[in-house]
Amino acid sequence: MNSSHTVAVVCALIPALALTVGVALANHLEPRILGLPFVLAWIGIWVLLTPGFMWIAYRSERA
Amino acid sequence: VNATIALGIIAIVVIGTMLIGLAAVRGVVMNPQEYIVGGRRIGTLLLWLLLAGEIYTTFTFLGAAGWAYGRGAPAYYILCYGTVAYIISFFLTPHVHRLARERGYLTGPDFFRDRYGSRTLGALVALLGFVMLVPYVTLQLTGLQILIQIAGFGAFNPLIAVAIGFFVVAIFTFVAGLRGAAWASIVKDALVLAGVIFAGIMLPSHFFGSPAGALDAVLRDHPGWLTIAGPTKPNGITWVVTTTILTSCGFFVWPQSMAAVYSARNEDTLRRNAVFLPFYQLMLLLVFFAGFTALEVLPGLQGPAADTAFMLVVQKYYPAWILGFVAAAGTLAALVPAAAQLLAAASIVSKNVFVEYGFTRGDAQETRATRILVLVVALLAFAFWALAKTTLVGLLLIGYNGITQLFPGVVLGVLANRPPAVAVGAGIVAGLITLIVFAYAGTGQVSGINIGLIALVANAVVLAVTAVAVRRLGQSPSTTVRARA
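Residues numbered from 1 in each chain as written. Chains lettered and ligands numbered in written order. Predicted model: local features only at pLDDT ≥ 70, side-chain atom pairs only at ≥ 80, totals over all residues. Heavy atoms only, no water.

**Q** Help me understand the environment of Gly413(B), please; the structure alone is not making it clear to me.
**A** All names here are of chain B. When you line up the elements, Gly413 lands in helix H19 (residues 407–413). Its relative accessible area of 0% is what places Gly413 among the buried residues. For Gly413 and Val96, which are 317 residues apart along the polypeptide, the C-alpha to C-alpha distance reads 8.6 Å. (Helix = DSSP H or I, 4+ residues; strand = E, 2+ residues; numbered from the N terminus. Buried < 20%, exposed > 50% of the residue type's maximum accessible area, 1.4 Å probe, protein only.)

**Q** What should I look at first to understand the packing of helix H14 (residues 283–297) of chain B against helix H15 (residues 309–317) of chain B in this one?
**A** Angle between the axes and distance between the axes: these two values describe a pair of packed helices. Residues and elements named next belong to chain B. Direction vectors running N to C along H14 and H15 enclose 65°, while the axes themselves pass 8 Å from each other. In the packing of H14 onto H15, the handedness of the crossing is left-handed. On H15, the residues touching Ala290, Ala294 and Val297 of H14 are Ala309, Phe310, Val313 and Tyr317. Per-class residue counts for the contact of H14 with H15 are 7 nonpolar, no polar and no charged. (Axes fitted to C-alpha atoms, helices over the stretch in contact; angles between N-to-C directions. Left-handed = near helix turned anticlockwise from the far one by under 90°. Contact = heavy atoms within 4.5 Å. Nonpolar A, V, L, I, M, F, W, Y, C, P; charged D, E, K, R; others polar.)

**Q** Just to check I follow, could you spell out the pattern of salt bridges for this structure?
**A** Between side chains of opposite charge, a pair can form as their charged atoms come close. All names here are of chain B. Inspection of every chain in the model, using the stated rule, returns 7 salt bridges over all chains. Asp189 is paired through a salt bridge with Lys188; the nearest N and O atoms lie 3.1 Å apart. Given a relative accessible area of 0%, Lys188 falls into the buried group. (Salt bridge = Lys/Arg side-chain N within 4 Å of Asp/Glu carboxyl O.)

**Q** Is there a simple way to think about a nonpolar patch on the surface in this case?
**A** Residues and elements named next belong to chain B. Together, Ile15, Leu19, Leu22, Phe167, Ile171, Val175 and Leu375 make up a nonpolar patch on the protein surface, roughly 600 Å² of accessible area in all. Elements represented by at least two residues in the nonpolar patch include exactly helix H1 (2–24) and helix H8 (158–208). With respect to the helices and strands, the residue Leu19 is situated in helix H1. The exposure class of Leu19 is exposed, given its relative accessible area of 53%. (Patch = residues over 30% accessible without salt bridge, like charges linked within 9 Å, V, L, I, M, F, W, Y side chains within 5 Å. Areas by Shrake-Rupley, 256 points an atom, 1.4 Å probe, with all protein chains shown as cover.)

**Q** Help me understand the nonpolar core in this model?
**A** Counting 166 residues, the largest nonpolar core has Tyr76(B), Phe111(B), Phe288(B) and Phe310(B) as the members making the most contacts within it. Considering every element that reaches this core, the biggest residue donor is helix H16 (residues 320–355) of chain B, with 20 residues. Core analysis: the second largest hydrophobic core is formed by 11 residues, Ala16(A), Met54(A), Ala274(B) and Val275(B) among them. (Core = buried A, V, L, I, M, F, W, Y, C linked by side-chain atoms within 4.5 Å.)

**Q** Please clarify how the interface of chain B and chain A should be interpreted in this entry.
**A** Accessible area lost when the parts come together is the quantity often used to give the size of an interface. Between chain B and chain A, the residue contacts involve 32 residues of the former and 33 residues of the latter. The tally of links between chain B and chain A comes to 1 salt bridge. Linking chain B with chain A are 4 residue pairs in polar contact (both at pLDDT 80 or more), by the criterion used here. Of all elements in the fold, only helix H5 (77–103), helix H9 (211–221), helix H10 (237–250), helix H12 (267–276), helix H13 (278–281) and H14 of chain B reach the threshold of two or more residues within the side of chain B that touches chain A. (Polar contact = N/O pair within 3.5 Å; in protein donor to acceptor, adjacent residues only side chain to side chain.)

**Q** Please explain helix H7 (residues 119–151) of chain B as it appears in this structure.
**A** Because the α-helix completes a turn every 3.6 residues, residues three or four places apart line up on one side. Residue and element names in this part refer to chain B. A rise of 1.5 Å per residue sets the reference length of H7, with its 33 residues, at 48 Å; its end C-alpha atoms lie 47 Å apart and thus fit the reference within 8%. Across the 33 residues that make up H7, a large majority, 27, are buried. The opening residue of H7, the one whose side-chain oxygen lies 3.4 Å from the backbone nitrogen of Thr120, is Ser118. Following H7 by one or two positions, Phe153 adopts a phi angle in the positive range, close to 50°. (Expected span 1.5 Å × (residues − 1).)

Written out as structure tokens, the structure is:
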């Protein structure tokens, strides 16, 4: 496993953990964000951030 | 009159879409390679639509709204699992694709057949995929029935309507193959997107001023509906997390998903798709808003009827032409994925059982057998639809519990040092036995843990123990497999 591959794996693990165990920690109603319950906002934000993390993973795998 | 307008719009949209799909394959000579995996020449954009087309089905359209209506926050898992699945697919699918291209795989079970050097394993995987696709196709049928019943204002016999719809899709799949389905996805996705924006933004705004207003109303009447219940509760947080893990592992091992992976032009196409597909998931947020709005506007629907909630709101409060277009979007969301699923179920049995064991010979016979099997699966799903009555999410979870048992075999199969076929097969059988035991006990979760994940763990343990035992005994079929690769 070379270092660029390690970068890709770390970039993938962050959103993957946020959307699994992270949901358990974020399971609250307050504070509401744009009217969304906190847990739903948490999930929505991480879904939006995932392509960013995976783009970094993509670039580092190609490097 | 209203029913005529709404059903007329559905008919025109469906026929128009099928014509686009057929035009795309005009003049293409259909051999198995072209029919099942689009000649392996499908580029980034069309592949995106094909993957998204198979992923965003009637389940997204009605099932997610139905769960938001009927159960509330546990529905959030749907938003998580697709995203985690794309993350897994970024690492897994390029390897699967490379092997498929080098070794000429057409079906999901081909991967097992070749990587583990066992046609018995290939046939086992084919039969498992075939069986697990039946509830998935049934899900599309149930969605179709809901849409036609509501768009027809109950005046039309849904059984006949579903039979016609399904016959149309079976014939379409029969003729057009995978590439035709990919092109039909373009129209479908555009209409579904418009339908979802309408349902998730316009609908709540109409009744509550904004989507947030609908959430406030839900919280007032159902406190706790928008957060997930405690760890040991049914469908609580443990269930949400374990179901997300289970279904994200199962996402790309469906036979139709494996075929879509093979159909990509190259590995980079798949990686780029994995990066950007999560954006598509955000549509689901809007679908949840539609479900929550329906809960406030039309409360009281129980069990599987919750799946009809959001369409009933559209029927009751909007003109027939809007109902027609929303229902047409939903109809395509049922028919197009059903086409790909029928094709996958038919091709795995045709290739990995019939051809493998010499029941059919030659390309022409194989293509013909696949086409006939398309009709057989359609009939089986139709029978299952008539007998089993459960929610759309319930149907999908039945299929996922089973199909995810293939995940260890796919992951280990891309490695250079693979376990023997007997270990992979024993793991799959152990997983299935676990599922059957829990099914007889009538339970879907143990202390909140999804039984599919328990079965997956049993699968992995049996796989590991068998692999070690085989090696200890020195029979070592694994060495012969390794020598072949």
